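Listed here are the chains, written in short residue letters.
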Amino acid sequence: MLQRKRREKPGLVTVHTASGLLSAHVIKTKLESAGIPVLLDYESAGVVLGITVDGLGEVRVMVPESLAEEAQVLLSE
């Protein structure tokens, strides 16, 4: 079984977990258009193999802690 390690990103928090890179990019664009910097964190194997099973295609949308609340509000709209 493939072991995935969750990497800590100091100063960043996950505001959304998307099931695929395409939907994560849509969310990233929405947040960045509001001036919120975004980091997409994912395992490359899911993208290369096109697998979205058991967390492999999972993409974590991360923003700076200080902007997390604003990002959550934007995503709830």
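Cut-off values and rules
Residues numbered from 1 in each chain as written. Predicted model: local features only at pLDDT ≥ 70, side-chain atom pairs only at ≥ 80, totals over all residues. Heavy atoms only, no water. Helix = DSSP H or I, 4+ residues; strand = E, 2+ residues; numbered from the N terminus. Buried < 20%, exposed > 50% of the residue type's maximum accessible area, 1.4 Å probe, protein only. Contact = heavy atoms within 4.5 Å. Areas by Shrake-Rupley, 256 points an atom, 1.4 Å probe, with all protein chains shown as cover. Salt bridge = Lys/Arg side-chain N within 4 Å of Asp/Glu carboxyl O. Polar contact = N/O pair within 3.5 Å; in protein donor to acceptor, adjacent residues only side chain to side chain. pLDDT = per-residue confidence, 0-100. Pairing = 2+ DSSP bridges. Axes fitted to C-alpha atoms, helices over the stretch in contact; angles between N-to-C directions.

*Asks:* Got a sec to walk through the overall build of the protein chain? Specific residues and values, please.
*Replies:* Each helix and strand in the protein chain was counted, giving three helices and three strands. Secondary structure elements of the protein chain, listed N to C terminal, follow the sequence β-α-β-α-β-α. Looking at the protein chain as a whole, 27% of its 77 residues are labelled buried. Put simply, 72% of the contacts in the protein chain that link residues at least 6 apart link residues at least 24 apart. Accessible area of the protein chain: about 5100 Å², with a carbon and sulfur share of 56%.

*Asks:* Hey, could you go over the pattern of salt bridges for me, with residue numbers and the actual values?
*Replies:* All told, the structure shown has three salt bridges when counted by the stated rule. For Arg60, the salt bridge goes to Asp41, with nearest N and O atoms at 3.1 Å. Remark: Asp41 occurs in strand β2 (residues 39-42) and Arg60 occurs in strand β3 (residues 58-64); sequence separation between them is 19 residues. One salt bridge in this structure joins Arg60 and Glu58, with 3.0 Å as the shortest N-O distance. Several salt bridges share partner residues, and in doing so they unite Asp41, Glu58 and Arg60 into one network.

*Asks:* Account for the environment of Ala18, naming residues and giving values.
*Replies:* Its place among the elements puts Ala18 in strand β1 (residues 12-19). As for Ala18 and Val59, which are separated by 41 residues in sequence, their C-alpha atoms are 5.1 Å apart. Each residue touching Ala18, except ones within four places of it in the same chain, is listed here: Ser23, Ala24, Gly57, Glu58 and Val59.

*Asks:* So what about the side chain of Arg60? Which residues, and what values?
*Replies:* When its relative accessible area of 6% is taken as the criterion, Arg60 is described as buried. Within the structure, Arg60 has its side chain in polar contact with the side chain of Glu58 (distance 3.0 Å).

*Asks:* Please set out the confidence of the model for the protein chain residue by residue, giving values where relevant.
*Replies:* For the protein chain, the average pLDDT comes to 82, and 73% of its residues sit at 70 or higher. Per-element averaging of pLDDT across the protein chain places helix α2 (residues 44-49) at the bottom with 56 and helix α3 (residues 68-76) at the top with 95. Long-range and interchain partners of residues 1-5, a stretch whose pLDDT sits below 50, account for seven contacts in this model, where long-range means more than four residues apart.

*Asks:* Summarise the sheet that holds β1; cite the residues concerned and give the values.
*Replies:* Strand pairing in a sheet takes place through backbone hydrogen bonds and is either antiparallel or parallel in direction. Read across the sheet, three strands follow the order β1-β3-β2 without closing on themselves; strand pairing throughout is antiparallel. Here the strands that pair on one side only, and so sit at the sheet edges, are β1 and β2. Adjacent strand axes in the sheet meet at a mean angle of 30° when their direction is disregarded. Pairing analysis gives four bridges linking β2 to β3, with the strands arranged antiparallel. Bridge pairing in β3 places Asp41 opposite Arg60. The strands touched by helix α1 (residues 21-33) are β1, β2 and β3; relative to β3, the strand with the most contacts, the crossing angle is about 15°. Where α3 meets the sheet, it contacts β1 and β3, and its direction lies at approximately 25° from that of β1.

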